[in-house]
Amino acid sequence: MTDLSALVRPDRYPRSSRYDPAWLLDLDMGPHPLWLLEDLAESLDLRPGMRILDLGSGKGATSVFLAREYGAEVVAADWWIAPEEAAAVFAEAGVGDRVTAVRAEAHALPFEEGSFDAIVSVDAFEYFGTADGYLPYLVRFLRPGGQLGMATPAMTREVRELGAIPPHIKDVVGWEAMAWHTAEWWRFQWGITELVEVTSARLQPDAWRDWLLWARAGAGRRADGPSTADRAVIDMLTADGGEFLSFALVTARRV
């Protein structure tokens, strides 16, 4: 298994490397959230004082990062994590005065239109954002010129093009891989609406390796050894070797 020190990579992720890997793994809900967000943010213009919606914020690591690293006022919205649980994370991290936790379902957001300077979503958009009508709904919550950025599991080729989900992926995630689209799929899906200008749509370099490092580190911390789920993800990524699996990083501005 991977040692925690492998999750400290200041040459590749200088901001994320200032965060305790053990703390991050305690908030684990998927591949390294700060690596994804730090890479995504390179294609965004995040500034102090911005009001940012962290959509699908999970246990709160990305919201802490947005508040600390960019001086943002953050609304952390998640359906599965109780606001009280997230608020405790924010208070402990010293950003409780800048991050507000809200329980919200992505299709029924309790916010006024035009109330955010940016909306960011890390490893969550695949669960609610692939429907044709979702972007037109979501973009209403951005002010004119506001920014949208998301990082989501991706395929290097569309499943429809392949004709089937590759077996080593299907065995682990099943039909969910149908929502793991290519970066170019997302570019077209957003751009065709003419509601946003897509500013970047790319696959994260070596995303599968990053995911594998994270999976091995998490498995290595379990007192009883790696779980069946740990081994399945590790085997899937090892078998794939970057042939199909990646992460799409997509950014846009409301026109």
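Please refer to the structure placed before this passage.
The present account deals with the structure reproduced in this document. (Residues numbered from 1 in each chain as written. Predicted model: local features only at pLDDT ≥ 70, side-chain atom pairs only at ≥ 80, totals over all residues. Heavy atoms only, no water.)

**Observations regarding the pattern of salt bridges**
Should their charged atoms come close, side chains of opposite charge can pair. Enumeration according to the criterion identifies 14 salt bridges in this entry. The closest approach of N and O atoms between Asp-45 and Arg-47, which form a salt bridge, is 2.7 Å. Owing to a relative accessible area of 48%, Arg-47 belongs among the partly exposed residues under this scheme. A salt bridge links Asp-206 to Arg-209, with the shortest nitrogen-to-oxygen separation between them at 3.6 Å. Asp-206 sits in the partly exposed class, given a relative accessible area of 45%. (Salt bridge = Lys/Arg side-chain N within 4 Å of Asp/Glu carboxyl O. Buried < 20%, exposed > 50% of the residue type's maximum accessible area, 1.4 Å probe, protein only.)

**A few points about the packing of aromatic side chains**
Going through the model one piece at a time under the given rule, you end up with 17 aromatic pairs. Between the aromatic rings of Phe-111 and Phe-141, the centroid separation amounts to 6.5 Å while the plane-to-plane angle is 90°, which identifies the pairing as edge-to-face. On the criterion of sequence distance, the pair formed by Phe-111 in the loop between strand E3 (99–103) and strand E4 (116–122) and Phe-141 in the loop between helix H5 (134–138) and strand E5 (142–155) is long-range, its members being 30 residues apart. Like Phe-141, Phe-111 is buried. Ring pairing ties together the aromatic residues Phe-111, Phe-116, Phe-125, Phe-128, Tyr-134, Tyr-137, Phe-141, Trp-185, Trp-186 and Trp-190, which thus form one cluster. The aromatic ring of Trp-35 is capped on one face by Arg-9, whose charged end is 4.9 Å from the ring centroid. (Phe/Tyr/Trp six-rings, centres within 6.5 Å; stacked < 30°, edge-to-face > 60°. Helix = DSSP H or I, 4+ residues; strand = E, 2+ residues; numbered from the N terminus. Lys NZ or Arg CZ within 6 Å of the ring centre and 35° of its normal.)

**So, empty space enclosed by the protein**
A complete count under the given rule lists two cavities of 30 Å³ or more for this structure. Approximately 50 Å³ is the volume found for the largest cavity. Lining the largest cavity are Pro-31, His-32, Trp-35, Leu-36, Gln-204, Ala-207, Asp-210, Trp-211 and Phe-247. Listing elements by their share of the lining of the largest cavity, those giving two or more residues are helix H2 (33–41) and helix H9 (207–220). Sorting elements by how many residues they give to the lining of the largest cavity places H9 first, with three residues. In the lining of the largest cavity, the residues fall into six nonpolar, two polar and one charged. The space that makes up the second largest cavity amounts to roughly 40 Å³. Ser-57, Gly-58, Ala-76, Asp-78, Ile-81, Ala-82, Pro-83, Ala-86, Ala-101 and Val-102 together form the lining of the second largest cavity. Those elements giving two or more residues to the lining of the second largest cavity turn out to be strand E2 (73–78), helix H4 (83–92) and E3. Tallied by class, residues from the lining of the second largest cavity come to seven nonpolar, two polar and one charged. (1 Å grid on protein atoms, 1.4 Å probe; cavity = no way out; pocket = protein on both sides within 12 Å on 5 of 7 lines; lining within 4 Å. Points joined across faces, edges and corners; volume = space filled by probe spheres on them. Nonpolar A, V, L, I, M, F, W, Y, C, P; charged D, E, K, R; others polar.)

**Points about the environment of Gly-191**
Inspection of the secondary structure assignment puts Gly-191 in helix H8 (residues 183–191). Here Gly-191 falls in the partly exposed class, since its relative accessible area comes to 28%. For the pair Gly-191 and Glu-73, spaced 118 residues apart in sequence, the C-alpha to C-alpha distance is 28 Å.

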